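# Descriptive analysis of the structure
This is what each chain is made of:
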Amino acid sequence: MTEGFHPRRGGGVVATFSGFEADLLRSLASQLIELLRNEAAVPHAEADPLEALLDFTGPTTAPEDPVLARLFPTAYPQDEEAAGEFRRFTETELRGGKAGNAAAVIDVLEEAGLPGDLEGEALVIDVELDHGGAMQWMKSMTDMRLALASRLDITEGDEDYWDSLPDDDARVHVHDIYDWLGFLQESLVRAVAP
Amino acid sequence: MSTPAPLEVEEPVADELTATDRPWQTVVWNDPVNLMSYVTFVFRQYFGFTEKKAEKLMLQVHHDGRCTVSSGSREEMERDVQAMHEYGLWATLERAEG
């Protein structure tokens, strides 16, 4: 079990992961990339088909998937038109940034020695991040936690509920992963914060 | 036409200088997911706030459900909101009162 991130002598942060943990992080990152690409960031058809075809700057309506809706919140809750314009000019870039951060997590894990196909559990991986890398990981872990929380329907102060579920409930396992990501995130913030 | 809405520019009025100078604000909302340490870190990192100020704003988000973290022109606030979304924080824009 990883002890999380620690500041590294000479700058940056470091964490040691088991092969299983590294593989789990890679799997979460690739699911995130899949999701970001899944519901295409394209504008919905508008009244004028030609206009819709020529308008490739970005979507104007909130994503239908609740995870994506949380990752790309409505900026103007009281003003649909302004919200649509904001989305048109930001969502494509935001999606690209989030997918890029998740891809960076995968690259770092594989460069640190995580094989494409993990077999056996003896593998131990040291992940070293400079400040830029730490920021990418921090943002991507946030996205992973937001995604899992949306799927689990996490609410404020619901810890007792999760504790009360029987161990064979599949959601308990996912909630454990969510908690573990929180621990990892907390350790990274503490390791980076001056 | 799907052209961007023109920015509304308010004429400065001498005795309402503050409101006209900073007519928009970025609001960050509480969510059950983001860690308090992370929210504080983001406020320090992005806005360059002191630890004390960042923590105060984070606690305000946590206890009141929302907090205004910056104010300025609409363009500036759209940049701030986009940055908050990049960090995974739930942020919106609104017109400053008064």
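## Details of the pattern of salt bridges
All names here are of chain A. Going through the model one piece at a time under the given rule, you end up with 15 salt bridges over all chains. E91 is paired through a salt bridge with R87; the nearest N and O atoms lie 2.7 Å apart. Placement of both E91 and R87 in helix α4 (residues 80-111) is noted, with a separation of 4 residues, approximately one turn of the helix. As far as the burial class goes, E91 and R87 line up, both buried.

## Considering the sheet that holds strand β3 (residues 124-129) of chain A
Each strand in a sheet pairs with its neighbour through backbone hydrogen bonds, running either in the same direction (parallel) or in the opposite one (antiparallel). Residues and elements named next belong to chain A. Across the sheet, 3 strands lie side by side as β1-β2-β3; this open sheet has antiparallel pairing. Lying at the two open borders of the sheet, with one neighbouring strand each, are β1 (6-7) and β3. Alignment of β1 against strand β2 (residues 13-18), held across 2 bridges, turns out to be antiparallel. Looking at β2, one finds that P7 is bridged to V13. The strands touched by helix α7 (residues 170-192) are β1 and β2; relative to β2, the strand with the most contacts, the crossing angle is about 155°.

## Things to note about the interface of chain B and chain A
Taken together, the contacts link 31 residues of chain B with 39 residues of chain A. For chain B, the biggest contributors to the area lost against chain A are V33, F41 and H85 of chain B; these three give 21% of the whole. At the boundary of chain B and chain A, one finds 2 salt bridges. Remark: the boundary between chain B and chain A carries 12 residue pairs in polar contact (both at pLDDT 80 or more). Among the elements that take part in the side of chain B that touches chain A, helix α4 (residues 74-86) of chain B stands out by supplying 6 residues, more than any other.

## A closer look at the sheet that holds strand β2 (residues 66-72) of chain B
Residues and elements named next belong to chain B. If you trace the 3 strands from one edge of the open sheet to the other, you get β2-β1-β3, paired in antiparallel fashion. A strand with exactly one partner marks an edge of an open sheet, and here the two such strands are β2 and β3 (91-95). Taken over all neighbouring pairs, the strand axes of this sheet differ in orientation by 30° on average, direction set aside. Summarising the sheet, strand β1 (residues 24-29) and β2 pair through 6 bridges and their orientation is antiparallel. By the bridge assignment for β2, W24 is matched with G72. Against the sheet, α4 makes contact with β1, β2 and β3, and its axis sits at roughly 165° relative to β3, the strand it touches most.

Rules of the game
- Residues numbered from 1 in each chain as written.
- Chains lettered and ligands numbered in written order.
- Predicted model: local features only at pLDDT ≥ 70, side-chain atom pairs only at ≥ 80, totals over all residues.
- Heavy atoms only, no water.
- Salt bridge = Lys/Arg side-chain N within 4 Å of Asp/Glu carboxyl O.
- Helix = DSSP H or I, 4+ residues; strand = E, 2+ residues; numbered from the N terminus.
- Buried < 20%, exposed > 50% of the residue type's maximum accessible area, 1.4 Å probe, protein only.
- Pairing = 2+ DSSP bridges.
- Contact = heavy atoms within 4.5 Å.
- Axes fitted to C-alpha atoms, helices over the stretch in contact; angles between N-to-C directions.
- Buried area = accessible area lost by both parts, 1.4 Å probe.
- Polar contact = N/O pair within 3.5 Å; in protein donor to acceptor, adjacent residues only side chain to side chain.

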